[in-house]
Structures are given as structure tokens and as C-alpha cells.
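Each chain, written out:
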Amino acid sequence: NAGVTQTPKFQVLKTGQSMTLQCAQDMNHNSMYWYRQDPGMGLRLIYYSASEGTTDKGEVPNGYNVSRLNKREFSLRLESAAPSQTSVYFCASSGQKTYEQYFGPGTRLTVT
Amino acid sequence: AQSVSQHNHHVILSEAASLELGCNYSYGGTVNLFWYVQYPGQHLQLLLKYFSGDPLVKGIKGFEAEFIKSKFSFNLRKPSVQWSDTAEYFCAVNGNTGGFKTIFGAGTRLFVKA
């Protein structure tokens, strides 16, 4: 099992460009999450999907959109990147009952 | 609103020293509690968790944590740290009415000197 995979690992964007971060899990988990990690701020939830077909906003959703494509895949889109979105982005998934989360390797995004 | 506070942002210890990392949370209901660890260059992984039962929980690599409900605390401990414990540690809380939202603390960077 690969667990949670993310692509790309690194990305540099110019202000105003768009991109989609991809995430997939092979653990048959219902719930998936997108976080950003910034120094001294821990992980902040951007969006989550409790189950296939549903998505909800987290703490910091502005400037992002998500798509739960199917049970395995959950993508994060930046429509018009801004320097404030420079961060490390983590995707995670969890099973139905425990809320214990399994994380992907992260995407380091720089917006210039 | 739920919140998680980790007392120390940076901790430096020598090998064989004892470790205690503080974590306090703010939430009035039943909670699920977690400690995650992020080794340099790696993704987060679960260290230990508490859902119910014995408030002293043991995790991987000799770590343990104690849930003290009256103090809203879930401190992480290890009797003797090793150089390989150098990492960032995150406390996290999921409240039973928070559903799928888990709140993470800001993290504590631990550096263990060999």
C-alpha cells in the first residue's frame, strides 16, 4: 500500500497563476483533508471531505477550491495564487470512526 | 471554539535526558487526543492517541502521554531521549461534536544533542 500520495512535491508559481494539487489514498478511507503548514502555526485545515460527494470549509478556505473526485482522490486548486499561499500543503485521510489521520509527503509551494 | 496550546516552541535536550512536552486544549465536550511527530524531511505520523479508558497511553518508540481531564491537558513524555527523537511534535484534538475537524497545536521542535 502506498498510503497517501501527493503530487507534485515542489512547485513554484508566479502571482496570479493557477494550479491543482493532487492527492490520492489507497486505504479505503471515507474522509480526506487538506492542510497548510506554516512556521509557528502548526497545521491549519483548508478544506475537508467527510465522505465521497461532500466537501466543507476548514479554518482557512479563502483562495482555495477542492474537488472530491471519487473515494480515492481529493484535489486542491489555487485559482489565482498569491504570495501568502506560499506554504507546505499536506493531504490526509482518516477512517470512519477513529479520526486518526494518515498524511501524505507534502507539497512545498512557493508563490513569487 | 476548540483550540490547542503547546507550551514550548523549541526544546533542546542532551541524549538520555527526560522529556515532557506540554499540551492544553480548550473544549467542553468529549475529546479524542493525538500526538503526531514529523521527522526532518518527512510527513507527519501518529505517535499515540487517546479515545477513552486508561488516561495513560503508550505509543511508539517509548513515548507516553497522560490525559488529565480536570486540567484539559495531554502532555507527552519520554524517560530518556535519543538523538533520533529530533523532530517536531504536534498535539491535536478532535471533539466529538467537531466531527471531522481536528485542531492542531503550533508544534514543538525538539533537538536532541548527541
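As a reminder, the structure under discussion sits directly above these lines.
Read on for an overview of the structure.

What counts, and where the lines are drawn
- Residues numbered from 1 in each chain as written.
- Chains lettered and ligands numbered in written order.
- Predicted model: local features only at pLDDT ≥ 70, side-chain atom pairs only at ≥ 80, totals over all residues.
- Heavy atoms only, no water.
- Pairing = 2+ DSSP bridges.
- Helix = DSSP H or I, 4+ residues; strand = E, 2+ residues; numbered from the N terminus.
- Axes fitted to C-alpha atoms, helices over the stretch in contact; angles between N-to-C directions.
- Contact = heavy atoms within 4.5 Å.
- Buried area = accessible area lost by both parts, 1.4 Å probe.
- Salt bridge = Lys/Arg side-chain N within 4 Å of Asp/Glu carboxyl O.
- Polar contact = N/O pair within 3.5 Å; in protein donor to acceptor, adjacent residues only side chain to side chain.
- Nonpolar A, V, L, I, M, F, W, Y, C, P; charged D, E, K, R; others polar.

**Notes on the sheet that holds strand β3 (residues 19-25) of chain A**
All names here are of chain A.
Link 1 in the chain: With antiparallel pairing, the 4 strands of this open sheet are ordered in space as β1-β3-β8-β7. Unpaired on one side and paired on the other, β1 (4-7) and β7 (64-68) mark the two borders of the sheet. Taking the axes of each pair of neighbouring strands and ignoring which way they run, one obtains an average angle of 20° across the sheet.
Link 2 in the chain: Across 4 bridges, the pairing between β1 and β3 is antiparallel. Bridge pairing in β3 links Gln-6 to Cys-23.

**Some remarks on the interface of chain B and chain A**
Link 1 in the chain: Contacts between the two partners involve 20 residues from chain B and, on the opposite side, 21 residues from chain A.
Link 2 in the chain: For the pair chain B and chain A, the two sides together bury roughly 1700 Å², of which 62% comes from carbon and sulfur.
Link 3 in the chain: The interface formed by chain B and chain A contains 1 salt bridge.
Link 4 in the chain: Linking Lys-49 of chain B and Glu-100 of chain A is a salt bridge whose minimum nitrogen-to-oxygen distance equals 2.6 Å.
Link 5 in the chain: Linking chain B with chain A are 6 residue pairs in polar contact (both at pLDDT 80 or more), by the criterion used here.
Link 6 in the chain: For the side of chain B that touches chain A, the secondary structure elements donating two or more residues are β5 (31-38), β6 (45-50), β10 (87-95) and β11 (102-104) of chain B.
Link 7 in the chain: If one sorts the elements of the side of chain B that touches chain A by residue count, β5 of chain B sits on top with 4 residues.
Link 8 in the chain: For the side of chain B that touches chain A, the per-class residue count stands at 10 nonpolar, 7 polar and 3 charged.

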